[in-house]
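Okay, here's what each chain looks like letter by letter:
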Amino acid sequence: MLNETTDIQNSSSGVVSEGVSYPSARFSVAPMLDWTDRHCRYFHRILSKNALLYTEMVTTGAIIHGKGDFLAFNEEEHPVALQLGGSNPMDLATCAKLAVERGYDEINLNVGCPSDRVQNGRFGACLMGEAELVAQCVSAMKEVVDIPVTVKTRIGIDDQDSYEFLVDFVRTVSEKGGCDNFTIHARKAWLSGLSPKENREIPPLDYPRVYQLKKDFPHLTMAINGGIKSLEEAEEHLKYLDGVMIGREAYQSPYMLAEVDNCLFGGDAPIIKRSDAVKAMFPYIEAELSKGTYLNHISRHMLGLFQNMPGARQWRRYISENAHKPGSGVEVLEAALAKIPAHLDV
């Protein structure tokens, strides 16, 4: 296990606490399409200094042929990983090189998304059925970059859901592709018949299968993803695995990230108050507004900060009703903060 080690391989960066070194991938926030954009990651970084943050999945076609800057991120986001979608080894290598030039800490290949649009592009979860191709993709990227190249995948697809199938996939990608770091979503994916949302909820979770995979490949770094809703659950998984990735729970209740550094990385710093986290965003927001960014593009990621607290509904409502208005600025968040009872902001 990599829970406590002084020589950690294939981690985006290390965190040292009281002489113990932890990989940043010990805890990460999952890549989530339309959610984990650069504004979201900046906010999450205020809450946790150590968690590994992932971009939304970006396709190789968008990077190579698109007109926008799909690789933009803020220096404050480190450690930050780029998740790529694609299946052409040369295109992936090109994008990996560009990512290194931009300063990313890790490249992650998406082999887990089950949406029709992704399948039509021949990437995502359907690639589990093409282990040799995934190995070629990883190998091509590793040849041109000196940062970790990792894979995020499922435990199976459709009727290819035996443990032997999963073992063969991991063995092929690790031995032929040189990948030594996997994040396993502990559900299989149905490539037809279920929506992406249903694929996150209907296929049953099988955590023991991922634990067994780590036992059978002890030399590989393995993190688990899927259905994890608390840091207490994360600590339990870390008894068997090297890392934990949390997605929607971290997005919808982001204040859980404020406890990550102390709970999972051995820190002892005071935990930031929710209101202070909001105020810490003000310089960033003002800088973005001056560039033409709309407030609601940033504030939408902050709606869950007071989840399950008195005033949370008023906080969300005020921002939702006002942040989209022309000229809206930090005063909207200041007014929304006033909806939260001050004595509860701890």
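Remember, it's a predicted structure, so these values are computed and weren't measured experimentally.

**Quick look at the sheet that holds strand β9 (residues 221-225)**
What the eight strands build is a closed barrel, ordered β3-β4-β5-β6-β7-β8-β9-β10; its pairing is parallel. The mean inter-strand angle of the sheet, taken between neighbouring strand axes irrespective of direction, is 25°. Here strand β7 (residues 149-154) runs beside strand β8 (residues 181-185); their pairing, made up of four bridges, is parallel. The residue of β8 that forms the bridge with T153 is I184. Of the strands in this sheet, β5 (80-85), β6 (106-111) and β7 are in contact with helix α5 (residues 131-144), which crosses β6 at around 165°. Along the sheet, helix α6 (residues 163-177) contacts β6, β7, β8 and β9; its crossing angle with β8, the most-contacted strand, is approximately 155°.

**So, the environment of L231**
Structurally, L231 is set in helix α9 (residues 231-237). According to the relative accessible area criterion, L231 is buried, its value standing at 4%. C-alpha of L231 to C-alpha of V244: the two residues are 13 residues apart in sequence and 9.4 Å apart in space. Not counting chain neighbours up to four residues away, the residues in contact with L231 comprise F27, M256, E259, V260, C263 and L264.

**Quick look at the nonpolar core**
Ranked by internal contacts, the top residues of the largest apolar core, which has 104 residues, are F27 and W315. Sorting elements by how many residues they give to this core places α6 first, with seven residues. Ranked by size, the runner-up nonpolar core spans six residues in total, among them A30, L52, Y54 and A81.

**With respect to the side chain of T172**
By secondary structure assignment, the location of T172 is in helix α6. A distance of 2.8 Å separates a polar atom in the side chain of T172 from the backbone oxygen of D168. Not counting residues within four places of it along the chain, the set of residues in contact with T172 comprises A131, E132, A135 and G177.

**Concerning the pattern of salt bridges**
Side chains that differ in sign of charge can pair as their charged atoms come close. The full count for this structure, using the stated rule, is eleven salt bridges. Across the salt bridge formed by D69 and R102, the nearest N and O atoms sit 2.9 Å from each other. Taken together, the positions of D69 in the loop between α2 (60-65) and β5 and R102 in helix α3 (residues 89-102) put the pair 33 residues apart, joining distant regions of the chain. By relative accessible area, R102 is classed as partly exposed at 35%. Residues K291 and E288 are paired through a salt bridge, measuring 3.6 Å at the closest nitrogen-oxygen approach. On the basis of relative accessible area, E288 is assigned to the buried category, the value being 2%. Residues joined in a network through salt bridges with shared partners are R38, E288 and K291.

**Here we look at the pairing of β5**
For β5, a buried count of six out of six residues is recorded, marking the element as mostly surrounded by other parts of the structure. On β5, burial covers both faces: V80, L82 and L84 on one face and A81, Q83 and G85 on the other are all buried. Tracing the backbone out of strand β4 (residues 52-59), into α2 and back to the parallel element β5 gives a crossover that is right-handed. With four bridges connecting them, β5 and β6 associate as parallel partners. Across the sheet, residue L84 finds its bridge partner in β6, namely L109. Tracing the backbone out of β5, into α3 and back to the parallel element β6 gives a crossover that is right-handed.

**A look at the UniProt feature "active site" (unreviewed entry) in the chain**
Under the present numbering, the feature "active site" (unreviewed entry) in UniProt falls on C113. With respect to the helices, strands and loops of the structure, C113 is situated in the loop between β6 and α4 (116-120).

**Let's talk about the UniProt feature "binding site: FMN" (unreviewed entry) in the chain**
As recorded in UniProt, the sites labelled "binding site: FMN" (unreviewed entry) are P31, M32, L33, Q83, K152, H185, N225, G226, G227, G247 and R248. Following the sequence through the fold, Q83 ends up in strand β5. Setting aside residues up to four positions removed in sequence, Q83 forms contacts with P31, T55, E56, M57, V58, N108, N110 and K152. Secondary-structure assignment places H185 in strand β8. For H185, a relative accessible area of 7% gives the class buried. In this view, H185 contacts K152, T153, R154, I155, N225 and G226; residues no more than four positions away in its chain are not counted.

**Description of the environment of T55**
Within the secondary structure, T55 is located in strand β4. In this structure the C-alpha to C-alpha distance between T55 and R41, which are 14 residues apart in sequence, comes to 7.9 Å. Other than its neighbours up to four places away in sequence, T55 contacts P31, M32, T36, R41, V80, A81, L82, Q83 and Y104. A distance of 3.1 Å separates the side chain of T55 from the backbone nitrogen of Q83, its partner in a polar contact.

**Considering the confidence of the model for the chain**
Here the chain shows a mean pLDDT of 92. Residues at 70 or above account for 91%. Ignoring residues within four places in sequence, the model shows residues 1-11, a span with pLDDT below 50, making 31 contacts including any to other chains.

About the cut-offs
- Residues numbered from 1 in each chain as written.
- Predicted model: local features only at pLDDT ≥ 70, side-chain atom pairs only at ≥ 80, totals over all residues.
- Heavy atoms only, no water.
- Pairing = 2+ DSSP bridges.
- Helix = DSSP H or I, 4+ residues; strand = E, 2+ residues; numbered from the N terminus.
- Axes fitted to C-alpha atoms, helices over the stretch in contact; angles between N-to-C directions.
- Contact = heavy atoms within 4.5 Å.
- Buried < 20%, exposed > 50% of the residue type's maximum accessible area, 1.4 Å probe, protein only.
- Core = buried A, V, L, I, M, F, W, Y, C linked by side-chain atoms within 4.5 Å.
- Polar contact = N/O pair within 3.5 Å; in protein donor to acceptor, adjacent residues only side chain to side chain.
- Salt bridge = Lys/Arg side-chain N within 4 Å of Asp/Glu carboxyl O.
- Right-handed = clockwise from strand over helix to strand, strands pointing away.
- UniProt positions renumbered as here; feature names shortened; annotations may be inferred.
- pLDDT = per-residue confidence, 0-100.

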